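Spelled out from the first residue to the last, the chains are:
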Amino acid sequence: MSWSIPFMPEQASNFAPGVDLLFYALLAFSFGLGLVLTFLVVRYSARYRAGSRADRSGRRARSLRLEIAWTAATVAIAFGLFAWGAVLFVDRNKAPADAIEIAAIGKQWMWKFRHPGGQREINELHVPVGQPVVVSLASQDVIHSFFVPAFRVKQDAVPGRTTRVWFTATKPGRYHLFCAEYCGTQHSGMRGQVIAMQPERYAAWLEARSGGEPLAAAGERLFRSLGCSGCHGAESRIPAPSLEGLYRRPVPLASRRTVIADEAYLRDSILQPQKHIVAGYGAVMPSYDELIDEDELQMIVAYIKSLAEDREP
Ligand code: HEC
Ligand SMILES: [Cu+2]
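Since the structure is predicted, the reported quantities are computational estimates derived from the model, not experimental observations.

What counts as what
Residues numbered from 1 in each chain as written. Chains lettered and ligands numbered in written order. Predicted model: local features only at pLDDT ≥ 70, side-chain atom pairs only at ≥ 80, totals over all residues. Heavy atoms only, no water. Donors = N, O, S within 2.8 Å, 3.2 Å for Na, K, Ca; no water. Tetrahedral: all angles 85-135°; square planar, octahedral: opposite > 155°, others 65-115°. Helix = DSSP H or I, 4+ residues; strand = E, 2+ residues; numbered from the N terminus. Near = heavy atom within 4 Å. Polar contact = N/O pair within 3.5 Å; in protein donor to acceptor, adjacent residues only side chain to side chain. Axes fitted to C-alpha atoms, helices over the stretch in contact; angles between N-to-C directions. Parallel < 35°, antiparallel > 145°, perpendicular 65-115°, else oblique. Left-handed = near helix turned anticlockwise from the far one by under 90°. Contact = heavy atoms within 4.5 Å. Nonpolar A, V, L, I, M, F, W, Y, C, P; charged D, E, K, R; others polar.

Caption draft 1: Focus on the coordination of the iron atom of ligand 1. Distances from the iron atom of ligand 1 to its protein donors, His-232 (NE2) and Met-285 (SD), fall within 2.0 to 2.1 Å. Here the iron atom of ligand 1 binds 6 donor atoms, and the angle range of 87 to 178 degrees at the metal identifies the geometry as octahedral. On the criterion of sequence distance, the pair formed by His-232 in helix α5 (residues 228–232) and Met-285 in the loop between α6 (263–271) and α7 (294–306) is long-range, its members being 53 residues apart.

If you want it as structure tokens, here you go:
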């Protein structure tokens, strides 16, 4: 585009064309409707202006067919738009299983990223083109929002929760990254760049930055130093469930419910162990809420996930 005003950001992810098409369709629809209404307003103001000789007897003219037709048509349009949006929304929430997992933390006022190999970045995120990437988001303080306009993705990072967003970059380049949720004085300065690179260049970039401890390895170290292994380890005296293969497996609870051990479950198990008690075990696990920060939690969760890696599809 050679316009000087950038009306729309570039389309640089798998989602961009679909989201734009829906956006333009909604815009065209609203514009069309606006035209019809404007036309009617002008026409009736002219026809019924003071002193005109239009018929004002108030005769009732009803047409059942017309009423049914326009009601059905508007319902169909509204549900059509809903279904269209819903399909995009569901896609947006279903990350492919082979996606690269980036751990991200928002804090006043920066974005911190960590690649699976341990490479860390601040306010910059390098990703390969053509490969799905999941960013799992946490916040250390208040709500932030991870927003990459060129990818058409936006996702809140909420304290006390892990949220996820995924995309596949389709075009090499540097793209704006914003925080899209007002988060304090320097909110407007909380921005950065996503750098999409050809896969070979991304691999080289990772290689050059390697040497950092992989996330799961750092988690394993914490698992020992925080005493988790004292209970969950093989030679423990206290009966505690083994965490081997736990991730994504159904867990029967003492409350007789069964839950899937997803990221949110692991997180709750560590910060609020009383929330879900595993069937057959005592509620003896202490809460680690005050003892570890978001960074460390992500490492431990990565470690527990890695214990289930062989089972991954
Ligand atoms: C005092 C012993 C003890 C310590 C220390 C301990 N846990 Fe636990 N943990 C348990 C017991 C017992 C359960 C099962 C009862 C429950 O759900 O609370 C459990 C449950 C869990 C679960 C859910 C397991 C499942 O099968 O669903 C996870 C995950 C977990 N612990 C992680 C950790 C982590 C990580 C640490 C260290 C930061 C830790 N635990 C420290 C005793 C302990
Ligand atoms: Cu922010």
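Caption draft 2: Representation of the site of ligand 1 within the structure. Around ligand 1, the surrounding shell holds 26 residues, and the nearest of these are Cys-228, Cys-231, His-232, Tyr-265 and Met-285. His-232 has a polar side-chain atom sitting 2.7 Å from a nitrogen atom of ligand 1. The contact in question runs from an oxygen atom of ligand 1 to an N or O atom on the backbone of Val-278, over 3.0 Å. Elements represented by at least two residues in the shell around ligand 1 include exactly α5 and α6.

Caption draft 3: The packing of α6 against α7, seen in detail. For the pair α6 and α7, the least separation of the axes is 10 Å and the interaxial angle reads 120 degrees. As judged from the angle between their axes, α6 and α7 are oblique. Considering the relative orientation of α6 and α7, their crossing is right-handed. Across the interface between the two elements, Glu-263, Leu-266, Arg-267, Ile-270 and Leu-271 from α6 touch Glu-294, Leu-297, Ile-300, Val-301, Ile-304 and Lys-305 from α7. When its residues are assigned to classes, the contact of α6 with α7 shows 7 nonpolar, no polar and 4 charged.

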